[in-house]
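Each chain, letter by letter, is given below.
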Amino acid sequence: MLFLTSTTITAPRRFIPAASSLRVLSLSSICSSFSRSFMSSVSVTESADCLQVQGHVQYDTPDHITPSNVHTSPLEQFHIWFNQAREANVREPDAMSLSTATASGIPSSRMVLFKQLDKRGFVFYTNYTSRKSHELEENPQAALLFFWREMSRQVRVLGRVEKLSKEESGEYFKSRPVGTRLGAWASHQSSVIGEDYLVNRLAEVEERFGVQASDKEGDVPLPDFWGGWRVIPSEVEFWLGKPSRLHDRVRYLRVEGSPDDQPQWTIDRLSP
């Protein structure tokens, strides 16, 4: 069964490439290319009213991706790349940009933490009264972006969203440290607050539940206003940095009408 959590330290290898033509480079060969992947630094010119970027990193990764050598499932291909990012010591491989939009189409983006991959999609957790949740309620579509700089890789995900069940959210919430569980109760996320609000609010919830943020154990229940969202992908793109901006891009598009738990995909190479 397809399952991955970002808290796993040594995730099992559950994905077997379906195509015999899948080209697998050793992790050492990928890692050895990191220093060559950044051949120049950013240069700028500045004036009183302008900052202009004149140069940027030139990518030079040794591996290639094409529709013929990726997995037939984008979720399983993501699992492969995510494990490689962990093993290559990419800093915060679970960090992802989440983009949402209001009903009228005004977008907003922020960094959140990826927490789980299952057979339906990508899961993250948040306050249901936050701006992102309000926008997902109004317009239940989202975009995710993972950028693993050290490997010159990106993964882009587009799809509709659904809330996790209270049971699913509760199971994850119990795994969080006491301090972060208290923090979920203390924060009215995205609301305007005073300078001392959080300190005072944390003290209130510590007294309410009889535990301290520094405690190793304690009974702090799941708030009704907190839980998970799942992004069910309709499009996933894998990007690999190449010289002269001639990057490798492979896109998966869900076949219309295919079920969420057993989706079918068309796979294409895109021009950079």
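The structure presented is a predicted model; accordingly, all values stated were derived computationally and were not measured.

Quick notes on the rules
- Residues numbered from 1 in each chain as written.
- Predicted model: local features only at pLDDT ≥ 70, side-chain atom pairs only at ≥ 80, totals over all residues.
- Heavy atoms only, no water.
- Salt bridge = Lys/Arg side-chain N within 4 Å of Asp/Glu carboxyl O.
- Helix = DSSP H or I, 4+ residues; strand = E, 2+ residues; numbered from the N terminus.
- Phe/Tyr/Trp six-rings, centres within 6.5 Å; stacked < 30°, edge-to-face > 60°.
- Buried < 20%, exposed > 50% of the residue type's maximum accessible area, 1.4 Å probe, protein only.
- Contact = heavy atoms within 4.5 Å.
- Core = buried A, V, L, I, M, F, W, Y, C linked by side-chain atoms within 4.5 Å.
- Pairing = 2+ DSSP bridges.

A. Spotlight on the pattern of salt bridges. All chains considered together, the criterion is met by 19 salt bridges. R230 serves as the salt-bridge partner of E168, at 3.1 Å between the closest nitrogen and oxygen. Placement of E168 in helix 4 (residues 166-175) and of R230 in strand 10 (residues 226-240) is noted, with a sequence separation of 62 residues between them.

B. Fine view of the packing of aromatic side chains. Scanning the model with the defined rule gives 22 aromatic pairs in all. With centroids separated by 6.2 Å and ring planes inclined at 45°, the aromatic side chains of F122 and F146 adopt a geometry described as tilted. Residue F122 is found in strand 7 (residues 122-127), and its partner F146 is found in strand 8 (residues 141-148); the two are separated by 24 residues along the sequence. The exposure class of F122 is buried, given its relative accessible area of 1%. Its relative accessible area of 0% is what places F146 among the buried residues.

C. Here's a closer look at helix 5 (residues 178-186). For helix 5, the set of buried residues is V178, R181, L182, A184, W185 and A186. The secondary structure elements touched by the buried residues of helix 5 are strand 7, helix 4, helix 6 (197-209) and strand 10.

D. Fine view of the nonpolar core. Counting 36 residues, the largest nonpolar core has F78, F114, F122, F146, W148, V155 and F238 as the members making the most contacts within it. Looking at this core, the element that brings in the most residues is helix 2 (residues 74-87), giving six residues. Counting 16 residues, the second-largest nonpolar core is a separate cluster that includes Y125, F173, V220 and W226.

E. Just the side chain of N127, in detail. Mapped onto the elements of the fold, N127 is located in strand 7. Ignoring sequence-local partners within four residues, the contact set of N127 consists of S133, A184, S187, Q189, F225 and W226.

F. Representation of the pairing of strand 5 (residues 107-113) in the model. In strand 5, alternate side chains face the same way, and those of S108, R110 and V112 are buried while those of P107, S109, M111 and L113 on the opposite face are not. Across seven bridges, strand 4 (residues 95-101) lies against strand 5 in antiparallel orientation. Across the sheet, the residue bridging to S99 is S109, located in strand 5. Hairpin geometry of strand 4 and strand 5 is characterised by an intervening segment of five residues between the two adjacent antiparallel strands and by a positive phi of about 95° at G105.

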